[in-house]
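Residues per chain, in single letters:
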Amino acid sequence: MIQITRVYSDTNGESHFEDFEVPLKNNGDIGFLSDDEPVKSIVFREVLPSYDYDFHNAPDRQYIILLEGGVEIETSLGEKRIFNTGSILLVEDTTGKGHKTKNIEPKLRKSIFIKL
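The shown structure was predicted, so the numbers you read here are calculated from the model rather than taken from an experiment. (Residues numbered from 1 in each chain as written. Predicted model: local features only at pLDDT ≥ 70, side-chain atom pairs only at ≥ 80, totals over all residues. Heavy atoms only, no water.)

A. View of the pairing of strand S8 (residues 71-75). Counting buried residues along S8, five of its five residues qualify, which places the element largely inside the surrounding structure. Alternating positions in S8 separate into two faces, Val71, Ile73 and Thr75 on one and Glu72 and Glu74 on the other, with burial throughout. Note that S8 and strand S9 (residues 80-83) share four bridges and pair antiparallel. Residue pairing for S9: Ile73 is matched across the bridge by Arg81. Counting the residues in the hairpin turn of S8 and S9 gives four residues, including Gly78, whose phi is positive at 90°. (Buried < 20%, exposed > 50% of the residue type's maximum accessible area, 1.4 Å probe, protein only. Helix = DSSP H or I, 4+ residues; strand = E, 2+ residues; numbered from the N terminus. Pairing = 2+ DSSP bridges.)

B. Spatial organisation of a nonpolar patch on the surface. Nonpolar side chains collect at one region of the surface, where Ile2, Leu24 and Phe32 lie side by side and expose about 260 Å² of accessible area between them. Position of Phe32 relative to the elements: it lies in strand S4 (residues 32-33). (Patch = residues over 30% accessible without salt bridge, like charges linked within 9 Å, V, L, I, M, F, W, Y side chains within 5 Å. Areas by Shrake-Rupley, 256 points an atom, 1.4 Å probe, with all protein chains shown as cover. Salt bridge = Lys/Arg side-chain N within 4 Å of Asp/Glu carboxyl O.)

C. Fine view of the pattern of salt bridges. Inspection of every chain in the model, using the stated rule, returns 12 salt bridges. One salt bridge in this structure joins Glu18 and Arg6, with 2.8 Å as the shortest N-O distance. You can see Glu18 sitting in strand S2 (residues 15-22) and its partner Arg6 sitting in strand S1 (residues 2-9), a full 12 residues away along the chain. Close ionic contact of Glu72 with Lys102 constitutes a salt bridge, the shortest N to O distance being 3.8 Å.

D. Representation of the nonpolar core. Core analysis: the biggest nonpolar cluster contains 11 residues, these being Val7, Phe17, Ala58, Ile64, Leu66, Val71, Ile73, Phe83, Leu89, Val91 and Phe113. Looking at this core, the elements with two or more residues in it are strand S7 (62-68), S8 and strand S10 (88-91). The contact partners of Ile73, leaving out residues within four places of it in the chain, are Phe17, Glu79, Lys80, Arg81, Phe83, Leu89, His99, Lys100 and Thr101. By size, the runner-up hydrophobic cluster in this structure holds six residues, among which are Ile4, Tyr63, Leu90 and Leu116. (Core = buried A, V, L, I, M, F, W, Y, C linked by side-chain atoms within 4.5 Å. Contact = heavy atoms within 4.5 Å.)

E. Spatial organisation of the side chain of Asn103. Assignment of secondary structure puts Asn103 in strand S11 (residues 99-103). Judged by relative accessible area, which is 8%, Asn103 ranks as buried. One polar contact links the side chain of Asn103 to the main-chain carbonyl oxygen of Leu48, over a distance of 2.7 Å. Side-chain polar atoms of Asn103 contact the side chain of Arg109, separated by 2.5 Å. Every residue in contact with Asn103, bar those within four places of it in the chain, is listed here: Val47, Leu48, Pro49, Tyr51, Gly70 and Arg109. (Polar contact = N/O pair within 3.5 Å; in protein donor to acceptor, adjacent residues only side chain to side chain.)

Interpretation in functional terms is not warranted from these geometric data alone.
See below:
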């Protein structure tokens, strides 16, 4: 199983976290794989250590994979979570009140955005 945290907006525009798992199937010698999921594009990103972005919406429904560096995300209801290198997020709050994002390490944070 692959662990993913979803960030989404409810019908009142409040953002929330939800954890879920992606099941994997045994494919023999090549390992365990998920089902295919169609994607639109991929973006590589690097942000400065001082990155501290106030409430915003995700520009697109997208996966974010943290390659290097940790981040704190805060929902519109004030819930905060820390995500470290290797974490995978599914960001879907393209409308509503959005979320805050802040680097938690004094170094560049590198990530991949996979737009759905």
